[in-house]
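An overview of the molecular structure
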Amino acid sequence: MRTFVRRALSLCALLLLVSTVTLTLAQDGPQVPDDLPVGSPDVAEMIEQDASAGEGLDTGDNAWMLMSSALVLLMTAPGLAMFYSGLVRRKNVLSVMMQCLFLMGLMTVVWALWGYSLSFGGSDPYLGNMDYLFMNNVQSHYDANAGEIITPLEGTIPRYTHMLFQGMFFIITPALICGAFAERMKFSSMALFSVLWGTFVYCPLCHWVWDGGILFYGGDASIAGGALDFAGGTVVHISSGISALMCALLIGNRLGFGNDDMRPHNLTYTTLGAGLLWFGWFGFNAGSALSANGLAANAFAVTHFSAAAGAVAWAAMEWIGHGKPSVLGCASGAVAGLVCITPAAGFVLPMPALLMGAIAGAVCYWAVIRLKHQLRYDDSLDAFGVHGIGGTLGAILTGVFATRHVFGEAEGEPIGLYEGGGISLLIGQIVAVGITILYSVVITLILLKAIDFLIGLRVPQESEIRGLDLAEHGEEGYIFN
Amino acid sequence: MKKVEAIIRHHKLEDVKGALNEMGVHGMTVSEVQGYGRQKGHTENYRGAEYSVDFVPKHKIEIICSDGNLQLVIDTILKSAQTGQIGDGKLFIYDVKQAIRIRTGEMGEDAV
């Protein structure tokens, strides 16, 4: 049965490749759509203001966005690869690094073929369209009438840049989920799950929140007014964190969980990985302004402040609770702070950011140290505890601390609960969180059940004991002779 | 001749070596070892999960000395390796039947 399924999948992949080539060759010259989607309404306004001649390439913006794109890629590997690989046992160090590195390749291919189009194509509130399929209307083309090469723009940057920047988010989001099923999931199942999850969970959510969909703030079709999500609180962190929990629950605990020695095998990797994540997050959040402007500067500052407060808060909690502030705790706290500020980065001022980071450090500490052990689920590397909890917290606190001093769309009116803007934004944020959680849970469970039925989710017991490095990849991480 | 085997704390190695050198003992063998005594290892905490680590890393030093020097060697090690805290280690004393220097073939105390 499984051999048949494998063959069928191989055939599908082959057909897909052939159809890709055929479609690419058959295209009738790119058509630039009228609407130019951007991340959020205030960003659109900023871009309009910043573009000296209304529409046109701004080299400064483009330089910053290309740099930001590279920074976000750095977060997946080496950042996340090191952070996660240090936390597993030495027999699984390569498997985690491989998941991150391989997803950089696999998700990029998906993004180029259909991911970008499903996320940012068209103006339907529920689904993207096929405007950008296979990089149509993204790639440059020679215009015979104008006698020059035309590169489509997205605001003040080439659509290439927008596509690349957003693509880096598409890569890291499923990589975050790998933390929940580390040390026990089949590599083939992980790859298949990531492609399907990216297509059926990430792309719709991205379209809903950032491209005028049903969760877009202030959109016509928005539910409860939509949500503010500057750099991916709902799209990236809640979706991946909640899906990670589903993975952990469905795939089951690691063999020997609760009894065997499962200490992180190399916390020096983890610490360096956390540092790289912190560094790359400046591109993640400040890049989400889609422009090198004041909004980007604000996002940069609040990102840094929140991470700092998160690191201090988690370490302080451990200091008080266990007598020693651990390196792992400090690294985890920094990531929690970064996650929490992500949806709010373009909407809050620095002092609330410090508070948000501190709250995230403390609450994620509680989720990881207490909640996980009380409920006894094996979220191996705390993808849910940090990203699911931290992202939810950040999305809700955005409704509290968003301010007209940063948020251009508010037109001088108070917006967040804290500055007297009422609870409408907070309600919109909570509804968006609820929809994101519900959608992620349902689709993730369907995907996991289907994959389990087709090819199985978990490696055989023997492979798990032997370690995934040898069992799945035929390699060892450390050979010291 | 006697063999003195001492299990000591890592950070006491230099003190012990220095004190023994001062009293004229110039040879010793040092190795990294792991073990536990009455204190039964220790616990480590990683994100709320506690792990008990049974084996504590220590240094083992081995010294061969003459019967006449034995008490002085023991006193020196005790004095320089002691902190008064649990986990200071142990001393073991063995009889040595013979010692031979491989290079010259010298035997007995001349070989030490």
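Below is a summary of the structure that appears in this document. (Residues numbered from 1 in each chain as written. Chains lettered and ligands numbered in written order. Predicted model: local features only at pLDDT ≥ 70, side-chain atom pairs only at ≥ 80, totals over all residues. Heavy atoms only, no water.)

What about the nonpolar core?
With 139 residues, the main nonpolar core has Phe193, Tyr202 and Phe284 of chain A as its most contacted residues. Examining the composition of this core, we find that 14 residues originate from one element, helix α6 (residues 187–210) of chain A, more than from any other. Beyond its immediate sequence surroundings of up to four residues, Tyr202 of chain A is in contact with Trp111, Gln166, Phe169, Phe170, Thr173, Trp197, Trp210, Val235 and Val236 of chain A. Counting 15 residues, the second-largest nonpolar core is a separate cluster that includes Leu13, Cys65, Ile77 and Ala81 of chain B. (Core = buried A, V, L, I, M, F, W, Y, C linked by side-chain atoms within 4.5 Å. Buried < 20%, exposed > 50% of the residue type's maximum accessible area, 1.4 Å probe, protein only. Helix = DSSP H or I, 4+ residues; strand = E, 2+ residues; numbered from the N terminus. Contact = heavy atoms within 4.5 Å.)

Here we look at the packing of aromatic side chains
Residues and elements named next belong to chain A. Tallying each qualifying case throughout the model produces 23 aromatic pairs over all chains. Ring centres of Phe170 and Tyr202 lie 5.3 Å apart, and the angle between their planes is 70 degrees; this geometry places the pair in the edge-to-face category. Linking Phe170 in helix α5 (residues 159–181) with Tyr202 in helix α6, this pair joins segments that are 32 residues apart in sequence. Considered together, Phe170 and Tyr202 belong to a single accessibility category, that of buried residues. With centroids separated by 4.1 Å and ring planes inclined at 10 degrees, the aromatic side chains of Phe282 and Phe300 adopt a geometry described as stacked. (Phe/Tyr/Trp six-rings, centres within 6.5 Å; stacked < 30°, edge-to-face > 60°.)

Some words on helix α11 (residues 350–375) of chain A
Residues and elements named next belong to chain A. With 26 residues, α11 extends 35 Å between its outermost C-alpha atoms, agreeing within 8% with the 38 Å of an ideal straight helix rising 1.5 Å per residue. The sharpest bend along α11 comes to roughly 30 degrees, located at Ala367. Positive backbone phi, at 60 degrees, marks Arg376, one or two positions downstream of α11. (Expected span 1.5 Å × (residues − 1). Bend = angle between axes of the 7 residues up to and from the residue.)

Section: the packing of helix α9 (residues 294–322) of chain A against α11 of chain A
Residues and elements named next belong to chain A. Their axes nearest at 7 Å, the elements α9 and α11 cross at an angle of 40 degrees. When the axes of α9 and α11 are compared, the pair comes out oblique. The hand of the α9/α11 crossing is right-handed. Within the contact of α9 with α11, the residues separate by chemical class into 17 nonpolar, 6 polar and 1 charged. (Axes fitted to C-alpha atoms, helices over the stretch in contact; angles between N-to-C directions. Parallel < 35°, antiparallel > 145°, perpendicular 65-115°, else oblique. Left-handed = near helix turned anticlockwise from the far one by under 90°. Nonpolar A, V, L, I, M, F, W, Y, C, P; charged D, E, K, R; others polar.)

Quick word on the interface of chain A and chain B
How large an interface is tends to be reported as the accessible area lost when its parts come together. Listed by partner, the interface residues are 16 residues for chain A and 8 residues for chain B. Of the roughly 1000 Å² buried at the junction of chain A and chain B (both faces included), carbon and sulfur atoms supply 59%. Together, Arg263, Leu328 and His373 of chain A form the three largest contributors to the area buried by chain A at its contact with chain B, with a combined 41%. With a closest N to O distance of 3.0 Å, Asp382 of chain A and Arg47 of chain B form a salt bridge. (Buried area = accessible area lost by both parts, 1.4 Å probe. Salt bridge = Lys/Arg side-chain N within 4 Å of Asp/Glu carboxyl O.)

Observations concerning the pattern of salt bridges
Throughout the structure, instances matching the rule amount to 17 salt bridges over all chains. The shortest N-O distance in the salt bridge between Arg254 of chain A and Asp378 of chain A comes to 2.8 Å. Of this pair, Arg254 of chain A sits in the loop between α7 (233–251) and α8 (267–286) while Asp378 of chain A sits in the loop between α11 and α12 (383–401), placing them 124 residues apart in sequence. As far as the burial class goes, Arg254 of chain A and Asp378 of chain A line up, both buried. With its nearest N and O atoms 2.9 Å apart, the salt bridge here joins Lys3 of chain B to Glu62 of chain B. One end of the pair, Lys3 of chain B, is in strand β1 (residues 2–8); the other, Glu62 of chain B, is in strand β5 (residues 56–65), with 59 residues separating them in the sequence. One connected set of salt bridges, linked through shared partners, spans Arg89, Glu183, Arg254 and Asp378 of chain A.

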